[in-house]
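Inside the fold
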Amino acid sequence: MLVSWEKFIADWNNRATQGEASAEFISGMVNKYGLLKEDTYQSGMRQLWDEAQNEESSDEQFTVGWMLYIGIAFKRSRAMGEVWYRKAAEKDHCWGLWKLGCLHVGKDRYEMAFECYEEASQLGCARALVGMASLYHDGTGVPRDNQRAFDLLCLAREKGDALASTYLGITFQSGDLDCIRDMDIAIPYLLEGAEKDEPEALSRLAKIYQDGDGVEPDPKKALWYHQAAAKCEVVTSLHMIAKSTWEGRPGLKKDIQKAISLYEIAAFKKGDWLTHSFLAEMYLVGVEGEVEVDKRKGYSYAFVGTEGRQEKSALLLVHAYEDGDVLPQDEAKRAQFENLWNNYKS
């Protein structure tokens, strides 16, 4: 079912292609079919869909797959998205093959993932080289080979892949892949990734300037990189900016509602269980003069937190079913969450 143009634009403007290796390609297809204009959205989507039915139209097939998989323009369906990715991959579409490789990795089908990545890389997909490097690094689907992993990252970087630059930076920062830790080499690589808004590069640089790792500590640079990483929805930076905004630290205006909204992005959009647990306790206890107690909201966060094995969330629900102040007293459920709490602790 096709969503309205207003909903499409809202989703698109909400950084729909953030972190997507094929973002430039997707943006080109969206513009090609006039989807960003209200008067051509409906007809453009019909043309895109109709063209995707053509067995030779792998660009359109991949685009429809991406839309279905993430839930933009259509109701989200990962299963149908994968179907369309496969259609594109069968026509040797480099992004379709790369995406199929990613899906194989998610299902622990590493040998199949390697085959997809290798074929995509031969068709010019630099991000597929990064996927191959990851498999060689971990020894999944192929024998572990640090030198091969390093060489593939270098090749992907030469082709302009920002994630490859970032991973090379991390390699020299951590001393991985048989490399000696060297921040003088690591930081320029990370800066390359950051220039293209690679979230991990932004987050790493924020921590580097915050802690003075290989450089003089620089709170202003650390804040700038944390803000940039938070815009890319990196959870650690969302937390950092939320806490700093709540407290009104130097460079930021105190704004509790904005801080809470950043925590909610980490909780709901990024699915961070620890943030759910934090918000649960915040609403159950309240913050004097700043956040009123809202136990129903607090317990709703706690329920989600238990899905991520958060022991604090489980303990909050033990007390909830024991006290019966908002949720009804229920010995069976109290015992259920007590068992979860004990399991999570161990």
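Let me sum up the structure you'll find in this document.

Calculation notes
- Residues numbered from 1 in each chain as written.
- Predicted model: local features only at pLDDT ≥ 70, side-chain atom pairs only at ≥ 80, totals over all residues.
- Heavy atoms only, no water.
- 1 Å grid on protein atoms, 1.4 Å probe; cavity = no way out; pocket = protein on both sides within 12 Å on 5 of 7 lines; lining within 4 Å.
- Points joined across faces, edges and corners; volume = space filled by probe spheres on them.
- Helix = DSSP H or I, 4+ residues; strand = E, 2+ residues; numbered from the N terminus.
- Nonpolar A, V, L, I, M, F, W, Y, C, P; charged D, E, K, R; others polar.
- Contact = heavy atoms within 4.5 Å.
- Polar contact = N/O pair within 3.5 Å; in protein donor to acceptor, adjacent residues only side chain to side chain.
- Core = buried A, V, L, I, M, F, W, Y, C linked by side-chain atoms within 4.5 Å.
- Buried < 20%, exposed > 50% of the residue type's maximum accessible area, 1.4 Å probe, protein only.

Concerning the layout of surface pockets
When its volume is computed, the second largest pocket comes out at roughly 540 Å³. Among the elements of the structure, helix H2 (23-32) and helix H8 (126-138) are those that each provide at least two residues to the lining of the second largest pocket. The element contributing the most residues to the lining of the second largest pocket is H2, with three residues. By residue class, the composition of the lining of the second largest pocket is nine nonpolar, six polar and nine charged.

A word on the environment of Glu233
Along the chain, Glu233 falls in the loop between helix H13 (219-231) and helix H14 (235-247). Spatially, the C-alpha atom of Glu233 lies 23 Å from that of Gln173, the residues being 60 residues apart in sequence. Not counting chain neighbours up to four residues away, the residues in contact with Glu233 comprise Gln18, Leu238, Ile265, Lys269 and Lys270. A distance of 2.9 Å separates polar atoms of two side chains, one belonging to Glu233 and the other to Lys269.

Some thoughts on the nonpolar core
Grouped together as the largest cluster of nonpolar side chains are 77 residues, with contacts concentrated most on Phe8, Leu35, Met45, Leu48, Met67 and Leu205. Among the elements that make up this core, the one with the highest residue count is H8 (seven residues). What Met45 contacts, discounting residues up to four positions off in sequence, is Leu2, Leu35, Met67, Ala73 and Phe74. In terms of nonpolar packing, the next biggest core, distinct from the first, is built from 31 residues, Ala230, Ala267, Met282 and Ala320 among them.

As far as function goes, none of this settles anything; it's purely spatial.
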